[in-house]
Amino acid sequence: MSNDDVPEKKTRLQAFRAHIENAMAAAAQAVARWFSAVAKSVDSTRAMAAGKRLHPLPLRIMHWVNALAMIVMITSGWGIYDDYVIISGLHFPKALRLGDWAAESLLWHFAGMWFLAINGLAYLLYGAITGRFRKKLLPIKLSDLIKTVNETLHFKIAHDDLTQYNAVQKLLYVVVIVAGISQVVTGLAIWKPIQFYFLVDLFGGFQGARLVHFLGMIVIVGFLAVHVALSLLVPSTLRAMITGGPKIARSASRVEAET
Amino acid sequence: MRSPFRPHKVPNAKLLDDQRPLIQSLERRKLIRGGLSLGALAMLTGCGVKTPASIEAGLRKMSAFNDSVQALIFDPNKLAPTYPASMVLKPPKFNAYYDVEDVKPVDGAAWRLELSGRIANKANWTIAQIDSLPQQDEIIRHICVEGWDYIGEWSGVPLRIFLAHIGADTRAKYVNFLTADNYPSSIDMATALHPQTLLATKYAGETLPAPFGYPLRLRTSTKLGYKNPKWITAIEVTNTYRPGYWEKQGFGWFAGI
């Protein structure tokens, strides 16, 4: 070991100390950051408790239960339909049908109906009691409808504010809700045409009820195609139906913050 | 004991010797691997893969639950709508698990109705004896589970009158039927006692034609078509549930409309 080594040793020691100091500073910073993050998340939890989400949790659960029940009802319904078609030549391919044959499709349909009807009833009660229907779906003005259609035709699909539905959206939601109710009523008529024959009379007989049930399916499938396509075009709407979407202040329906 | 799966004729041993190299090249491991990927492929396409047993069992449980809900909905006093004679379809629509050409007509003279179960008087019945009981005529809608329907005119003795006549225990749960075409069927007692449930012997005022159940069939106004057995040969009143022809294959038992 030579004398020249000493200063070098000193600098190495200094470098080591600097290193330790840097590390400690970084650790302190990390801890501080972690605390501030926790504080922030507590704040946001408080904010969440104060303000409601665009899609509150019960609504999201009902939406996805309905989505699953609808798909079960539609695809099993196709299996039942194929045994005696309404439009000659129109058969649903086996790959799209739920159930290997009519007996299985019927089992699915008569199991799925409970989920669809009970969940649907809960949704209607929820929408009516919380005022969601009134706030979100009404009023539908003809002038707004024309404006939205016009904008859409010019490829201006505005979805900056997810909490406000445009007139076309409102109309589509109202139509599909009415179609859903109609499916349950016509379904009851077809299921129990003697016990509930007043319902059958409402649709001009058993085959009339069958036809309206079939048309209701077409409306719902049509809605589903548009609904799914738009949610994929504007993914924030799909995300909102999973996470709850933007928060809404308790009193006003203004957007407080995008998360 | 000799295995029933063993072939009666043993193949020529020389065949085995000739093919020995090929047999040796077959590896069990390869076969299993090939089988697995074939199975996976079938799963992927969704073709030929049966509904899993657990789901099937769940669906059947749901169907049994629906049977009890249907029994609750059933109003024993509610009559099905009836229609004018001008709306009666002649001849009626034929439907069975086989084609109309395969119907085996029943010899009415030799035919006897057998009775069993919770019945006081189990003597056999001839068609003349059944015809001597009070008759009822009704023009009602027939609705098939497939979705088609037609209006038909049926005559015969109301089942509740027949059951009273033979001293049946009407507190029993089921009335079961056996038929000449091997199509067992079973209905609940409430439906058996419904005023429009007939042991039908006539269609549109004429003796039942062979394809529609001659000499005796069930006709109920409150159940789907498949709950109306034709060519009845035996009736049982019992608390024992016996699934019918279609019920065994997954269709619902109550099938009320």
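Right above here is the structure, for reference.
Residues numbered from 1 in each chain as written. Chains lettered and ligands numbered in written order. Predicted model: local features only at pLDDT ≥ 70, side-chain atom pairs only at ≥ 80, totals over all residues.

1. Remarks on the overall build of chain B
Here comes step 1: Of regular secondary structure, chain B possesses seven helices and nine strands.
Here comes step 2: Burial analysis of chain B (257 residues in total) assigns 31% to the buried set.
Here comes step 3: Summarising the internal contacts of chain B: among those between residues at least 6 apart in sequence, 71% fall at separations of at least 24. (Helix = DSSP H or I, 4+ residues; strand = E, 2+ residues; numbered from the N terminus. Buried ≥ 20, exposed ≤ 12 C-beta atoms within 10 Å, placed from the backbone. Contact = placed C-beta atoms within 7 Å.)

2. Some remarks on the overall build of chain A
Here comes step 1: The secondary structure content of chain A amounts to nine helices and three strands.
Here comes step 2: Here the analysis covers contacts within chain A between residues at least 6 apart in sequence; of these, 63% occur between residues at least 24 apart.

3. Some details on the interface of chain A and chain B
Here comes step 1: Opposite the 19 residues of chain A that make contact, chain B presents 25 residues.
Here comes step 2: Sorting elements by how many residues they give to the side of chain A that touches chain B places helix α3 (residues 102-130) of chain A first, with seven residues.
Here comes step 3: In terms of residue class, the side of chain A that touches chain B is built from twelve nonpolar, two polar and five charged. (Nonpolar A, V, L, I, M, F, W, Y, C, P; charged D, E, K, R; others polar.)

4. Observations regarding helix α6 (residues 167-191) of chain A
Residues and elements named next belong to chain A.
Here comes step 1: If you check α6, its first and last C-alpha atoms are 36 Å apart, about what 25 residues at 1.5 Å a residue would give, namely 36 Å.
Here comes step 2: By the burial criterion, the buried members of α6 are K170, G180, Q183, T186, G187, A189 and I190.
Here comes step 3: On the buried face of α6, the contacting elements are α3, α4 (132-137), α7 (197-202) and α8 (206-233). (Expected span 1.5 Å × (residues − 1).)

5. Structural notes on the packing of helix α2 (residues 57-81) of chain A against α3(A)
Helices that pack against each other are described as a pair by the angle of their axes relative to one another and the distance between those axes.
Residue and element names in this part refer to chain A.
Here comes step 1: Two numbers describe how α2 lies on α3: the axes approach to 8 Å, and their chain directions differ by 150 degrees. Between α2 and α3, the crossing angle belongs to the class labelled roughly antiparallel. Pair α2 / α3 crosses with left-handed handedness.
Here comes step 2: The class makeup of the residues in the contact of α2 with α3 is 18 nonpolar, nine polar and no charged. (Axes fitted to C-alpha atoms, helices over the stretch in contact; angles between N-to-C directions. Parallel < 35°, antiparallel > 145°, perpendicular 65-115°, else oblique. Left-handed = near helix turned anticlockwise from the far one by under 90°.)

6. Some thoughts on the nonpolar core
Here comes step 1: Within the largest apolar cluster, 63 residues are counted, with the highest numbers of intra-cluster contacts made by L106(A), L107(A), L199(B) and I232(B).
Here comes step 2: Per element, the largest residue contribution to this core is nine residues, and it comes from α3(A).
Here comes step 3: The contact partners of L199(B), leaving out residues within four places of it in the chain, are I130(B), G156(B), V157(B), L159(B), F162(B), L216(B) and L218(B). (Core = buried A, V, L, I, M, F, W, Y, C linked by C-beta atoms within 7 Å.)

7. Brief notes about the environment of W78(A)
Here comes step 1: Structurally, W78(A) is set in helix α2.
Here comes step 2: Remark: the alpha-carbon pair of W78(A) and L98(A), spanning 20 residues in sequence, is separated by 7.8 Å.

8. Considerations on the sheet that holds strand β4 (residues 174-179) of chain B
All names here are of chain B.
Here comes step 1: As summarised here, the arrangement of the four strands in space is β1-β9-β4-β5, forming an open sheet in which the pairing is mixed. At either margin of the open sheet sits one strand with a lone partner, and together these are β1 (114-117) and β5 (185-188). Here the strands of the sheet are splayed against their neighbours by 20 degrees on average, with no regard to which way each runs.
Here comes step 2: One ladder, built from four bridges, connects β1 with strand β9 (residues 232-238); its direction is parallel. (Pairing = 2+ DSSP bridges.)

9. Observations regarding the pairing of strand β3 (residues 149-158) of chain B
Residue and element names in this part refer to chain B.
Here comes step 1: Counting buried positions along β3 gives seven out of ten residues, so the element sits mostly inside the fold.
Here comes step 2: Examined bridge by bridge, strand β2 (residues 136-143) and β3 share eight bridges and lie antiparallel to one another. Bridged to Q136 within β3 is G156.
Here comes step 3: Once β2 ends, the chain turns through five residues before running back antiparallel as β3, passing G147 with a positive phi of about 120 degrees.

10. Observations regarding unusual backbone geometry
All names here are of chain B.
Here comes step 1: That bond from K90 to P91 is cis: its omega, -10 degrees, falls within 30 degrees of zero.
Here comes step 2: Relative to the elements of secondary structure, P91 occurs in the loop between α4 (53-73) and β1.
Here comes step 3: Across the junction of Y214 and P215, the peptide omega takes the value 5 degrees, indicating a cis bond.
Here comes step 4: You can see P215 is positioned in the loop between β7 (206-207) and β8 (217-219).
Here comes step 5: Residue N182 is not a glycine yet carries a positive backbone phi of 55 degrees.
Here comes step 6: Within the element layout of this structure, N182 appears in the loop between β4 and β5.
Here comes step 7: You will see that W231, though not glycine, has its phi angle at about 50 degrees, which is positive.
Here comes step 8: Inspection of the secondary structure assignment puts W231 in the loop between β8 and β9.
Here comes step 9: Since 26 C-beta atoms lie within 10 Å of it, W231 is described here as buried.

Remember that the coordinates give geometry; whether it matters functionally is a separate question.
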